[in-house]
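# Structural overview
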Amino acid sequence: MRICVFCGSSTGNGTVYAEAATALGTMLARRGIGLVYGGASVGTMGLLADAVLAAGGEAIGVIPSQLADREIAHVGLTELHVVADMHERKARMSELADGFLALPGGAGTLEELFEVWTWAQLGLHGKPIGLVDVEGYYQPLLRFVEHMVTAGFLRTTYRDMIMVDPNAGVLLDGFADYRPPNDKWVDGNGNGKGNDLSEAVVGHGNGQSAAEPVDVLAWILVRDGKLLNVRTTGKKFFYLPGGKREPGESDPVGLAREIGEELGVRIDQRSIRLFDLVTDEADGFANGRLVRMACYFAEYEGELTPGREIAELDWVGLDDALRCAPAGRQVLSRLAERGLLS
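Residues numbered from 1 in each chain as written. Predicted model: local features only at pLDDT ≥ 70, side-chain atom pairs only at ≥ 80, totals over all residues. Heavy atoms only, no water.

## A few points about the overall build of the protein chain
Each helix and strand in the protein chain was counted, giving nine helices and 16 strands. Of the contacts made within the protein chain by residues no fewer than 6 positions apart, 68% connect residues no fewer than 24 positions apart. Surface accessibility of the protein chain: about 16100 Å² in total, with carbon and sulfur atoms responsible for 51%. (Helix = DSSP H or I, 4+ residues; strand = E, 2+ residues; numbered from the N terminus. Contact = heavy atoms within 4.5 Å. Areas by Shrake-Rupley, 256 points an atom, 1.4 Å probe, with all protein chains shown as cover.)

In C-alpha cells, the structure reads:
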C-alpha cells in the first residue's frame, strides 16, 4: 500500500508542522506503507521523506523538471520521477498511490488536494482522502466547505468524502474501511449524468429523498470524561444536542442557534472546530433512513438549562451507550478511541 501525502516546500512557523511531518513519515514506514510525495528535499516535504527513509520505508518522489532545482529534488529517495509539468506530476502521484493525505501547506498543497477531491467526485478514482488537521490548521477551510454546502454548490455526499483528524493514525485506520459514494456525479440543478435517479424522486413528506440522510449539526461537550446528551420529550433515546440548519445558515450560526434554544447557553462561534462526521441509522424514521451528523467542539458561556422540547440532559460514558441513539453510540466510541472519555 502507498499513500500520497501533500505538504509544503516550507516548514511553516514554529516547530509543530515540522514535527507532524516527521511523525507521519515514521508512522508510514512502521506500518509498512510506502510514501508518494512531491519529491523535494526541503520544507515539510523533505522532513517527511527523510523520516520515512530513516525508519526503513519506501519513499517515491514525483517532481516537474522546472521545479527540480527550485524545490531541490531529493536525491536519496527509493525512486524519483522527474516529469514534464504539474499536470503530469499530479497524475503520476495519483496513479502510484492508494489514498491521499494532506498535511498543512500552502496554495500548492490545496491545489493538489482539491484536484484529487474533484476527481473523486467525478468518479475518476475511489481512493480515500484525509486532512491531518494539525493544531486546527484546516478548520477555516472546513468552515468554507460547509458554506459551499449551505450555498448549494457542494453536495453533502462529496463533503463527506474528506476525512479529518489531527491524528494521522486515525485517518489511516479509517482508510481501510473507506467506501466511495455509490452515486455518480450530478450537476448543481440535480440533473443526472447517466445516473438512475429513481430513488431521488421518492418523497418522504419533508422534501428529502430516500437516498439522502437527515443532515444535522451536533455539539460535542465532554466533562470529567463524560459526554453531554439530551433527551427530547416523548423520545426513548438520548441524543447529542443540536439540530438541523435553517436555510442559508452556516454551521457555526446554526449550531449556536440550536444550542441556545435547547440549552440556554451562548456558543462562541470562533471556537467551533470539527470533531468528526458520523452517519448511522436515524432513530424514529422508517425504511432504514440515515442521519448524518457534523459534530463540533465549541466553548460556551452560561449555565446549561434544558429548554424548548428537552425533557432532560445527562452526562454519559461508554457504559451508557445503549441509552443513546445509534449515531451517538458511534460518537462515544470515537471519543473513547481518542482518549477523550474515561
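Once you've had a look at it, read on.
## Some remarks on the packing of helix α4 (residues 107–121) against helix α5 (residues 139–150)
At a minimum axis separation of 14 Å, α4 and α5 run at an interaxial angle of 35 degrees. Relative to α5, the crossing made by α4 is right-handed. Residues Leu110, Leu113, Phe114 and Trp117 of α4 form the contact with α5, whose own contacting residues are Leu141, Val145 and Met148. For the contact of α4 with α5, the per-class residue count stands at seven nonpolar, no polar and no charged. (Axes fitted to C-alpha atoms, helices over the stretch in contact; angles between N-to-C directions. Left-handed = near helix turned anticlockwise from the far one by under 90°. Nonpolar A, V, L, I, M, F, W, Y, C, P; charged D, E, K, R; others polar.)

## Topic: the sheet that holds strand β6 (residues 129–132)
Read from one edge to the other, the open sheet built from seven strands follows the order β4-β3-β2-β1-β5-β6-β7, with strand pairing classed as parallel. Pairing within the sheet leaves two strands with one partner each, and these edge strands are β4 (79–83) and β7 (162–165). With strand direction ignored, the average angle separating the axes of adjacent strands in the sheet is 25 degrees. The sheet strands contacting helix α3 (residues 86–96) are β1 (2–6), β2 (34–37), β3 (59–64), β4 and β5 (100–102), and the helix crosses β3 at an angle near 160 degrees. Packing against the sheet, α4 makes contact with β1, β5, β6 and β7, and its axis sits at approximately 150 degrees to β6. (Pairing = 2+ DSSP bridges.)

## A short note on the layout of surface pockets
Considering only enclosed or pocket space, the second largest pocket measures out at about 680 Å³ in volume. If you go around the second largest pocket, you meet 28 residues; those closest to its centre are Val216, Thr232, Tyr239, Gly242 and Gly243. With four residues, the single largest contributor to the lining of the second largest pocket is strand β8 (residues 214–220). Residue composition of the lining of the second largest pocket, by class: 16 nonpolar, five polar and seven charged. (1 Å grid on protein atoms, 1.4 Å probe; cavity = no way out; pocket = protein on both sides within 12 Å on 5 of 7 lines; lining within 4 Å. Points joined across faces, edges and corners; volume = space filled by probe spheres on them.)

## Structural notes on the pattern of salt bridges
On inspection of all chains with the given rule, the structure shows 24 salt bridges. Ionic pairing is found between glutamate 246 and arginine 257, a salt bridge with its closest N-O pair at 3.9 Å. Of the two residues, glutamate 246 sits in the loop between β11 (242–243) and α8 (251–263) while arginine 257 sits in helix α8, which places them 11 residues apart along the sequence. What makes glutamate 246 partly exposed here is its relative accessible area of 42%. Note that aspartate 276 and arginine 334 form a salt bridge whose closest N and O atoms lie 3.0 Å from each other. Residue aspartate 276 is found in strand β13 (residues 273–281), and its partner arginine 334 is found in helix α9 (residues 326–337); the two are separated by 58 residues along the sequence. (Salt bridge = Lys/Arg side-chain N within 4 Å of Asp/Glu carboxyl O. Buried < 20%, exposed > 50% of the residue type's maximum accessible area, 1.4 Å probe, protein only.)

## With respect to empty space enclosed by the protein
The full count for this structure, using the stated rule, is two cavities of 30 Å³ or more. Approximately 110 Å³ is the volume attributed to the largest cavity. Elements supplying a minimum of two residues to the lining of the largest cavity: α4, α5, β7 and β13. Looking at the lining of the largest cavity, the element that brings in the most residues is α5, giving four residues. Here the residues of the lining of the largest cavity sort into 11 nonpolar, no polar and two charged. Of the pockets and cavities examined, the second largest cavity occupies roughly 30 Å³. Residue lining of the second largest cavity: Val5, Phe6, Cys7, Tyr37, Gly38, Met45, Met93 and Glu112, and that is the complete set. The residue inventory of the lining of the second largest cavity, partitioned by class, reads six nonpolar, one polar and one charged.

## Looking at the nonpolar core
The biggest cluster of nonpolar side chains holds 75 residues, and the ones touching the most others in it are Val5, Leu35, Leu101 and Trp219. Ignoring sequence-local partners within four residues, the contact set of leucine 101 consists of Ile3, Cys4, Val5, Phe6, Leu24, Gly130, Val132, Leu171, Leu172 and Phe175. In terms of nonpolar packing, the next biggest core, distinct from the first, is built from 22 residues, Leu240, Val278, Met293 and Val331 among them. (Core = buried A, V, L, I, M, F, W, Y, C linked by side-chain atoms within 4.5 Å.)

## Examining the environment of aspartate 268
Mapped onto the elements of the fold, aspartate 268 is located in the loop between β12 (266–267) and β13. Residue aspartate 268 is classed as partly exposed on the basis of its relative accessible area of 26%. Separated by 31 residues in sequence, aspartate 268 and glutamate 299 place their C-alpha atoms 5.6 Å apart. Apart from the residues within four sequence positions on either side, aspartate 268 is in contact with Glu299 and Tyr300.

## Observations regarding helix α7 (residues 168–175)
Considered for burial, the residues of α7 that qualify are Ala168, Gly169, Leu171, Leu172 and Phe175. Along α7, the residues classed as buried sweep out an arc of 160 degrees about the axis, all on the same side. In this structure, the buried side of α7 is in contact with β1, α1 (16–30), β5, β6 and β7. You can read the cap of α7 off the contacts: a side-chain oxygen lies 2.8 Å from the backbone nitrogen of glycine 169, and it is on asparagine 167. (Arc of directions from axis to C-beta. Polar contact = N/O pair within 3.5 Å; in protein donor to acceptor, adjacent residues only side chain to side chain.)

## Concerning the packing of aromatic side chains
Enumeration according to the criterion identifies six aromatic pairs in this entry. With 5.7 Å between their ring centres and 75 degrees between their planes, tyrosine 17 and tyrosine 137 make a pair best called edge-to-face. Taken together, the residues span a long stretch of sequence, with tyrosine 17 in helix α1 and tyrosine 137 in the loop between β6 and α5 at a distance of 120 residues. Taking 5.3 Å as the distance between ring centres and 70 degrees as the angle between the ring planes, the aromatic pair formed by phenylalanine 275 and phenylalanine 297 counts as edge-to-face. Of this pair, phenylalanine 275 sits in strand β13 while phenylalanine 297 sits in strand β14 (residues 290–297), and the two are 22 residues apart along the sequence. Each member of the pair, phenylalanine 275 as well as phenylalanine 297, carries the same accessibility label: buried. Taken together, Tyr17, Tyr137 and Tyr138 form an aromatic cluster joined through their ring pairs. Across the ring face of phenylalanine 237, the terminal group of arginine 329 is positioned such that the distance to the ring centre comes to 5.4 Å. (Phe/Tyr/Trp six-rings, centres within 6.5 Å; stacked < 30°, edge-to-face > 60°. Lys NZ or Arg CZ within 6 Å of the ring centre and 35° of its normal.)

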